[in-house]
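Residues per chain, in single letters:
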Amino acid sequence: MKKGKKILAAILAAAMLPVFQPAPHMQVQANTSAMSPSYNTNVNYIAYATEVEDQAQTNYCWAYMTDAVLESYLMKTQAGVQADFSEWDMITQLSNGSYAFSDLYSGGNYHQAVAYWTRGSMYGPRLEANSSLTDYYVSETAELGRYDRTMVQSKLNYIQNIKNLVVNYGAVGVSVYFTAEDRAMTTRDGAYFYPEQVSPGVNHGVTIVGWDDDYAPQWFYNSLTTPHQPQNKGAFLVKNSWGRDGSSIGGNSGYYWISYDNYFQDAFGVTQVLDRSKLYDRVYETDYRGLYDFWSGTSYSQTYDLSGGAQWLTGIATYVRGGASYQFFLDGKELPGCGGTAAQSGYHTFQLATPVLVSGRMELRAEVTGNQEAVPVACSANSHEADGGNVCLKAFTKFQYSNAFGGSSGQVWNPSTPAYTVTGVTLAPQDCSVMQGTNRLFTAKVLGNGQSSVSQRINWQISGSSSPNTRISADGNLYVGADETSEVLYIYANSYVDSTQGASARVEVIKSGTSGSQTGANNTNTWTTGTGTNINGTPITPPVTGTTGGTSAGTPTTGTVITGTPITPQEPSEDQSGDPTLEDNAPVQVGTVDKGIYSVWKNGTAQYTKCTSPNHISINIPATVKIGGETYEVNILDDGCVRNQKKVRSITIGKNVTQIGDESFYGCKQLKKVKILSEQIEYIGEDAFRGISAKAVVYVPRSCLAEYREMVRDSGNGTVRVKAYN
């Protein structure tokens, strides 16, 4: 029982994170040049971490470790979702019933937790408060296994891989060695060192939340071992599960440091969570206790007797080996668009691009190339033994897929995964300076190809910060806290739909109270300090003056901006090919009109960014908007601009809008009327109308009825009515 209570392709390479492409093989390598030397190091403010728990006198540290990993993943990747999962439900389910472990109390690991998270409909993460089953299905994990203790480079790569996972997905579980004497004799100031040379193995699970490459060796001391101190600097900050009292290692914080020179193994992270209800109505499986080990072989199969009549096969899950390529067959016929090369070992769910109708009995077979030991064998009740010949191969089916993906049986499948490939992300500026207490807007663009427009949704991340006030918004607006002490920050812009594709930027932090310069890819600005406060309470800095592109001087446009920091308009610059750089796509100003935030550009266009009032009942997005005395055409509705507005009932979209972003009106449960005046809509993003009222009607120009109806359907709402109003 507990006692308390949309990054970086240059860094997150395919060799380290789980991503699958329908191709025979991918060349994979890592570029770690942009990784920050420190991350999430303030024990008084740990980002993406839930409360420290107390496992008391039990052997269930692994349960607390794994739940902490999942909770951190949700906080980091799903808009700050804070779920508190029940460790004791996990333990109870795994130690009782038909599919229990007979030796669970003697110790467990993350494989038992993955088995619990991925069992059939009655299992999965349950909330601590009331033990209610959540809709979370852990569909992907990344498992790093063990490094070669005889090779220094193997250890360095392992450390880097852990950092990559922490930055992109949240806390990482890891196993270390700890003895009963350690609490009293081997720790000082929350620093723990048990040398790799003498470590007998591992016996305790903790979660890594941050690191400091400069953590000094002299801050560690272990009187029980030789050597007493590590040879190298650097340490991970870990969250423990021994509570927050003074007798616990790390004292009242519940966190402590472990040296890079420690021995640790079995690092893992959660890298994708799906809605259980969208993935399946039935799950067919024989691997109730998860993975035992991989055995020799490159082919494995499982036959299932289906219950309940005809149904649609929507996905397959198995444990994969990094670097191996997978093909799947149903009753001897290959399933097109299902499979690819595994970039990282772990549990993976393959969703079918097109569902297949099945009934009676089906045989699934996996064919693997690139690894001669690729057969994932299921675990028995004794966690140290295999379960006969059972392999880890699950099948997911739905009786009707309209509720899951917006289509309906017999119609063209509209999968939750996009019918396009993301090839990269561009980010500007990539190297700049920002003063404490001010903002800087970053602009990212997702590149790709495929059957439909590539989603431009970005998952922004920041690392290296020492201040809880330093943050970056969903639209790429970085605010550097007035109390920020770090000299360098790193910004990561990852594609929301393919997190392995992204870009990074380096930001030099300039101390306030001094004169200096703020630089970007194509501009140099000078400033002096000023007084006053902005709309968000941060200090106002006076308008900057300077040069653009190093050739022409000017004075920036002024006006009301949501961050309170004036943004200097820039003249277009060109790269060597003569094309405008991405910096030209940055808005020159941001302003608020009728409780809506608008970003405006020098070409006379504007984007509706966000509704600021939670009580807005009727929203009118006009054809034009006036910001700073200038009039701009409103062309774009930003991703999530009205997302989860609980009281809005009607929305009018102006005649100049050409794009409606991803999840623009997602979750507006009272929204019953949408009127589109524009005849120029070119794109409606994913889930733009998902989750609105079941009685909603989208009214569109008669000349666009057929086209707009199809676009609304393709966006993820197969039931909303689309009618002409003229």
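Position numbers for residues start from 1 in each chain and track the written sequence from start to end. Since the coordinates come from a predicted model, pLDDT governs what is reported: local features require at least 70, and pairs of side-chain atoms require 80 or more to be given and counted, while whole-chain, interface and lining totals use all residues. Side-chain metrics in this entry use all non-hydrogen atoms of the structure; hydrogen atoms and water are not considered.

### Focus: the overall build of the chain
Here is the rule we go by: Numbering of helices and strands runs from the N terminus, with a helix taken as a DSSP run of H or I at least four residues long and a strand as a DSSP run of E at least two residues long. Working definition: with a 1.4 Å probe on protein chains only, accessible area under 20% of the residue-type maximum means buried, over 50% means exposed, and in between means partly exposed. Note that accessible areas follow from Shrake-Rupley with a 1.4 Å probe, and for residues the cover is restricted to the protein chains shown.
Counting its regular elements, the chain contains eight helices and 45 strands. Residue burial in the chain is summarised as follows: out of 726 residues, 56% are buried. Surface exposure of the chain reaches about 29,800 Å², of which carbon and sulfur atoms provide 47%.

### Details of helix H8 (residues 705-714)
Heads up, the condition is: Arc definition: it is the arc formed by the directions from the helix axis to the C-beta atoms.
Listed in full, the buried residues belonging to H8 are Leu 705, Tyr 708, Met 711 and Val 712. The arc enclosing the buried residues of H8, seen along the axis, measures out at 135°, which places them on a common side. Looking at H8, the residues exposed on the side facing more than 90 degrees away from the buried face are Ala 706 and Glu 710.

### Brief notes about the nonpolar core
Condition: Among the buried residues, those of types Ala, Val, Leu, Ile, Met, Phe, Trp, Tyr and Cys that are joined through side-chain atoms within 4.5 Å form a nonpolar core. We call two residues in contact when some of their heavy atoms are within 4.5 Å.
Counting 72 residues, the largest nonpolar core has Trp 117, Ile 162, Phe 236 and Phe 264 as the members making the most contacts within it. Of all the elements, helix H1 (residues 61-77) adds the most residues to this core, at eight residues. Setting aside residues up to four positions removed in sequence, Trp 117 forms contacts with Thr 66, Asp 67, Leu 70, Met 90, Gly 124, Pro 125, Tyr 137, Val 138, Phe 268, Val 270 and Arg 276. Counting 39 residues, the second-largest nonpolar core is a separate cluster that includes Val 642, Ala 696, Leu 705 and Tyr 708.

### Section: the confidence of the model for the chain
The line we're drawing: Confidence of the predictor at the level of single residues is captured by pLDDT, which takes values from 0 to 100.
Counting all residues, the mean pLDDT for the chain is 78, and 78% of those residues have values of 70 or more. Mean pLDDT across the elements of the chain bottoms out in strand E33 (residues 552-554) (29) and peaks in strand E3 (residues 172-176) (96). Considering only residues more than four positions removed or in separate chains, one finds that residues 402-419, a stretch of pLDDT under 50, has 43 contacts. When the criterion is pLDDT under 50, residues 515-585 qualifies, and its contacts beyond four places in sequence or with other chains add up to 148 contacts.

### So, helix H2 (residues 87-95)
Those residues of H2 that sit buried are Glu 87, Asp 89, Met 90, Ile 91 and Leu 94. Buried residues along H2 sit against H1 and helix H3 (110-117). Directly beyond the C-terminal end of H2, a positive phi value near 95° is found at Gly 97.

### Here's the deal with the pattern of salt bridges
For side chains of opposite charge, pairing can occur when their charged atoms come near one another. What counts is decided by this rule: When a carboxyl oxygen of Asp or Glu lies within 4 Å of a side-chain nitrogen of Lys or Arg, that pair is called a salt bridge.
Counting across every chain of the model gives 16 salt bridges. A salt bridge links Lys 155 to Glu 196; its shortest N-O distance comes to 2.7 Å. Taken together, the positions of Lys 155 in helix H4 (residues 152-169) and Glu 196 in the loop between strand E5 (191-192) and strand E6 (204-212) put the pair 41 residues apart, joining distant regions of the chain. Like Glu 196, Lys 155 is buried.

### Remarks on the environment of Ala 428
Mapped onto the elements, Ala 428 comes out in strand E21 (residues 420-428). According to the relative accessible area criterion, Ala 428 is buried, its value standing at 9%. With 15 residues separating them along the chain, Ala 428 and Thr 443 place their C-alpha atoms 5.4 Å apart.

### Here's the deal with the sheet that holds strand E26 (residues 471-472)
Heads up, the rule is: Any two strands with at least two DSSP bridges between them are considered paired.
One open sheet holds the three strands; their spatial order is E23-E27-E26, and the pairing between them is antiparallel. A single partner strand is all that each edge strand has here, and the edge strands are strand E23 (439-441) and E26. Relative to strand E27 (residues 477-479), E23 runs antiparallel, the two being bridged by three bridges. Bridged to Leu 441 within E27 is Asn 477.

### What to know about the packing of aromatic side chains
Applied cut-off: Centres within 6.5 Å make a pair out of two Phe, Tyr or Trp rings, where for Trp the six-membered ring is used; the pair is then stacked when the planes are under 30 degrees apart, edge-to-face when over 60, and tilted otherwise.
The final tally for this structure, using the stated rule, is 31 aromatic pairs. Seen from their ring centres, Tyr 110 and Phe 268 are 4.6 Å apart, and the 10° between their planes marks the pair as stacked. Taken together, the residues span a long stretch of sequence, with Tyr 110 in helix H3 and Phe 268 in strand E9 (residues 265-275) at a distance of 158 residues. On the basis of relative accessible area, Tyr 110 is assigned to the buried category, the value being 5%. Pairwise contacts between aromatic rings join Tyr 147, Tyr 158, Phe 236, Tyr 260, Tyr 263 and Phe 264 into one cluster.

### Some points on the state of the cysteines
Working definition of a disulfide: a covalent bond connecting the sulfur atoms of two cysteines. Defined as follows: A pair of cysteine sulfur atoms is labelled a disulfide when the two atoms are within 2.5 Å.
The full count for this structure, using the stated rule, is zero disulfides. Here Cys 379 stays unpaired: no disulfide links it, and the sulfur of Cys 392, its closest cysteine neighbor, is 8.8 Å away.

### Quick word on unusual backbone geometry
Trans peptide bonds make up most of the peptide bonds, and negative phi angles are found at most residues other than glycine. A cis amide bond links Thr 226 to the next residue, Pro 227, at an omega of 5°. Examined against the element boundaries, Pro 227 turns out to sit in the loop between E6 and strand E7 (235-239). A cis amide bond links Ala 428 to the next residue, Pro 429, at an omega of -10°. Mapping Pro 429 onto the fold places it in the loop between E21 and strand E22 (431-435). Despite not being glycine, Asp 331 shows a phi value in the positive range, around 50°. Residue position: Asp 331 is located in the loop between strand E14 (325-330) and strand E15 (333-341). The phi dihedral of Asp 594 falls on the positive side, at around 50°, and the residue is not glycine. Mapping Asp 594 onto the fold places it in the loop between strand E34 (589-593) and strand E35 (596-600).

### Thoughts on the environment of Arg 649
If you trace the backbone, Arg 649 turns up in the loop between strand E39 (630-637) and strand E40 (650-653). Residues within four places of Arg 649 in sequence aside, it is in contact with Ile 617, Gln 670, Leu 671, Lys 672 and Lys 673.

### Some points on the pairing of strand E2 (residues 136-145)
Summarising burial for E2: nine of the ten residues are buried, a large majority. Of the pairings in the sheet, the one linking E2 to E9 comprises eight bridges and is antiparallel in character. Bridging from a neighbouring strand, Glu 140 pairs with Gln 272 of E9.

### Notes on the sheet that holds strand E19 (residues 386-391)
Sheets are built from strands paired through backbone hydrogen bonds, the pairs being either parallel or antiparallel. Rule in force here: Only C-alpha atoms enter the line fits that serve as axes; for helices the fit covers just the stretch in contact. Angles between N-to-C directions range over 0 to 180 degrees.
Pairing is antiparallel across the open sheet formed by three strands, whose spatial order is E11-E18-E19. The outermost strands of the open sheet, each flanked by one partner alone, are strand E11 (291-295) and E19. For this sheet, the mean inter-axis angle between neighbouring strands, taken without regard to orientation, is 40°. Sheet topology places strand E18 (residues 375-379) next to E19; two bridges connect them, and they run antiparallel. Residue pairing across strands places Val 377 opposite Val 391, the latter belonging to E19.

### Topic: the side chain of Arg 690
What counts is decided by this rule: Within 3.5 Å is the distance limit for a polar contact, defined as a pair of N or O atoms, with the added protein rule that one can donate a hydrogen and the other accept it, and that residues adjacent in sequence qualify only through two side-chain atoms.
Tracing the sequence through the fold places Arg 690 in the loop between strand E43 (683-684) and strand E44 (697-700). For Arg 690, a relative accessible area of 15% translates into the label buried. Separated by 3.2 Å, the side chain of Arg 690 and the backbone oxygen of Gly 716 make a polar contact.

### Considering the environment of Asn 717
Considering the arrangement of structural elements, one finds Asn 717 in the loop between H8 and strand E45 (721-724). In this structure Asn 717 comes out as buried when scored by relative accessible area, which is 8%. Sequence separation between Asn 717 and Glu 686 is 31 residues, and the spatial gap between their C-alpha atoms is 9.2 Å. In this structure the side chain of Asn 717 is engaged in a polar contact, spanning 2.8 Å, whose partner is the backbone oxygen of Phe 689. Within polar-contact distance, the side chain of Asn 717 engages the backbone nitrogen of Val 720 at 2.9 Å.

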